[in-house]
Amino acid sequence: METAQLANPKEHTKENVLLQIKNVSKIYNGDIVALTDMNLDVKEGEFISFVGPSGCGKSTIFKIIAGLSEPTTGSVELTNQTSKQEELDRTEIGFVFQHATLLPWKSVLDNITLPLELKGVSKKKRYIQGREVLEMVGLKGYEKALPRQLSGGMQMRVSIARALVAKPKLLLMDEPFGALDEITRQNLHYELLKIWEKTNMTVLFITHNVFESVFLSTKIAVMSARPGRISHTFDVPEYERNEQFRSTPEFSQLIGKVSKELEH
Ligand SMILES: Nc1ncnc2c1ncn2[C@@H]1O[C@H](COP(=O)(O)OP(=O)(O)OP(=O)(O)O)[C@@H](O)[C@H]1O
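In this text, all values refer to a predicted model and were calculated from it rather than measured experimentally.

**Q** Even after reading the chapter, I still don't get the packing of helix α5 (residues 152–164) against helix α6 (residues 182–199), so can you show me in this structure?
**A** Helices that pack against each other are described as a pair by the angle of their axes relative to one another and the distance between those axes. Running from amino to carboxyl end, α5 crosses α6 at an angle of 20°, the nearest separation of the two axes being 10 Å. Compared by their axis directions, α5 and α6 come out roughly parallel. Two packed elements cross with a definite hand, and for α5 against α6 that hand is right-handed. Facing Gly152, Gly153, Met156 and Leu164 of α5, the residues of α6 in contact are Thr184, Leu188 and Ile195.

**Q** For this particular structure, what's the right way to read the environment of Leu19?
**A** Examined against the element boundaries, Leu19 turns out to sit in strand β1 (residues 17–28). Classification of Leu19 by C-beta neighbours within 10 Å gives buried; the count is 23. The spacing of Leu19 and Val165 is 146 residues in sequence and 22 Å in space, taken between C-alpha atoms. Leave out the neighbours within four places in its chain, and Leu19 touches Val42, Ile65, Val76, Glu77, Leu78 and Leu88.

**Q** Help me understand the domain arrangement of the protein chain, please; the structure alone is not making it clear to me.
**A** It is common to report an interface's size as the accessible area lost on association of the parts. Here the protein chain is described as being made up of domain 1 (9–88 + 169–263) and domain 2 (102–168). Of note, the centres of domain 1 and domain 2, computed from C-alpha atoms alone, are 25 Å apart. Across the contact, twelve residues belong to domain 1 and nine residues belong to domain 2. Contributing elements (two or more residues each) for the side of domain 1 that touches domain 2: β6 (170–174) and α6. The element that contributes the greatest number of residues to the side of domain 1 that touches domain 2 is α6, accounting for four residues. Grouping the amino acids of the side of domain 1 that touches domain 2 by side-chain chemistry returns nine nonpolar, one polar and two charged.

**Q** Just checking my understanding: could you explain the sheet that holds strand β4 (residues 73–77) for this structure?
**A** For sheets, the rule is that strands pair by backbone hydrogen bonds, running either parallel or antiparallel. Pairing within the open sheet is antiparallel, and its three strands lie in the order β2-β1-β4. Only two strands of the sheet have a single partner each, and these edge strands are β2 (32–43) and β4. If you compare each strand with its neighbour and ignore which way they point, the axes differ by 15° on average. Pairing of β1 with β4 involves four bridges; the strand directions are antiparallel.

**Q** Explanation requested: the nonpolar core in the structure shown.
**A** Nonpolar side chains in soluble globular proteins tend to end up buried together. Grouped together as the largest cluster of nonpolar side chains are 63 residues, with contacts concentrated most on Ile61, Ile112, Ala161, Leu171, Leu172, Val203 and Phe205. Per-element accounting of this core gives the leading share, six residues, to α5. Summarising the domain contributions, this core has at least three residues from each of domain 1 (9–88 + 169–263) and domain 2 (102–168). Ignoring any residue separated from it by four or fewer positions in sequence, one finds Val203 in contact with Phe47, Leu171, Met173 and Trp196.

**Q** So what exactly am I meant to see when it comes to the sheet that holds strand β8 (residues 219–223) here?
**A** Pairing within the open sheet is mixed, and its six strands lie in the order β5-β6-β7-β3-β8-β9. Two strands in the sheet have a free side with no partner beyond their single neighbour: β5 (93–96) and β9 (230–235). Between one strand and the next, the sheet's axes are offset by a mean angle of 15°, whatever the strand orientation. Pairing of β8 with β9 involves five bridges; the strand directions are antiparallel. Of the residues in β9, the one forming a bridge with Val222 is His232.

Calculation rules
- Residues numbered from 1 in each chain as written.
- Predicted model: local features only at pLDDT ≥ 70, side-chain atom pairs only at ≥ 80, totals over all residues.
- Axes fitted to C-alpha atoms, helices over the stretch in contact; angles between N-to-C directions.
- Helix = DSSP H or I, 4+ residues; strand = E, 2+ residues; numbered from the N terminus.
- Parallel < 35°, antiparallel > 145°, perpendicular 65-115°, else oblique.
- Left-handed = near helix turned anticlockwise from the far one by under 90°.
- Contact = placed C-beta atoms within 7 Å.
- Buried ≥ 20, exposed ≤ 12 C-beta atoms within 10 Å, placed from the backbone.
- Domains from an automatic or database assignment.
- Nonpolar A, V, L, I, M, F, W, Y, C, P; charged D, E, K, R; others polar.
- Pairing = 2+ DSSP bridges.
- Core = buried A, V, L, I, M, F, W, Y, C linked by C-beta atoms within 7 Å.

Given below as structure tokens:
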């Protein structure tokens, strides 16, 4: 199995605050309180996992961050405190969902480059960018394949590549590996960490899998049951993310702490 040697994942995180979730609440249809008083600062380069019981508002906060839904009260601010030029624009946010949602009649390369096609980028230019990300997700040579010719894990790689093609500063991943088998999931962990390291992106990641959250993240935000809010955040200490890490006492201890917090 591949390994990602991230000697010091913390070095990846800068001090710039990329976005601030400020006192966000969300009430659907006047009476379903999905989120209440949620607060979090996200720094540039962080990899934050959100874990919490079903229905605690994880997808809701992602939709609000992406601008697909409005908070009932509070705000998500994209103001950069240190540099206006580095401010996050909502068009620089990529989204990956649990299901790959590929267009079955389009080739892998055409699926990946769809966001650029919609922006009116020329075919030549978008194919150059498409091939670049295709290589990044380990699918070089599959340009002309159709989605049905790919395994579930490969389809997820295509979906990730489609989110990466527009070079997002922030990547929102809503349970992207939830439907995959364990081996495929672990391989994709390494791929994702390599991409994260290479691109300097900030990643927000929803998962029900505590192991996955500890392995991938620099920070874990545990959410409480509905109405959802962040009950606790855990900073993940520096470590090399490789196969050995999964069997260290530090890994097990953190899993224990996060799991305990989830039981509250
Ligand atoms: N468009 C909507 N209209 C009404 N209620 C909604 C809507 N979207 C979500 N909800 C409700 O808001 C709550 C939070 O939903 P959300 O999908 O954000 O939770 P989640 O933590 O992502 O859940 P899961 O882990 O099961 O995916 C749930 O009770 C859900 O039924």
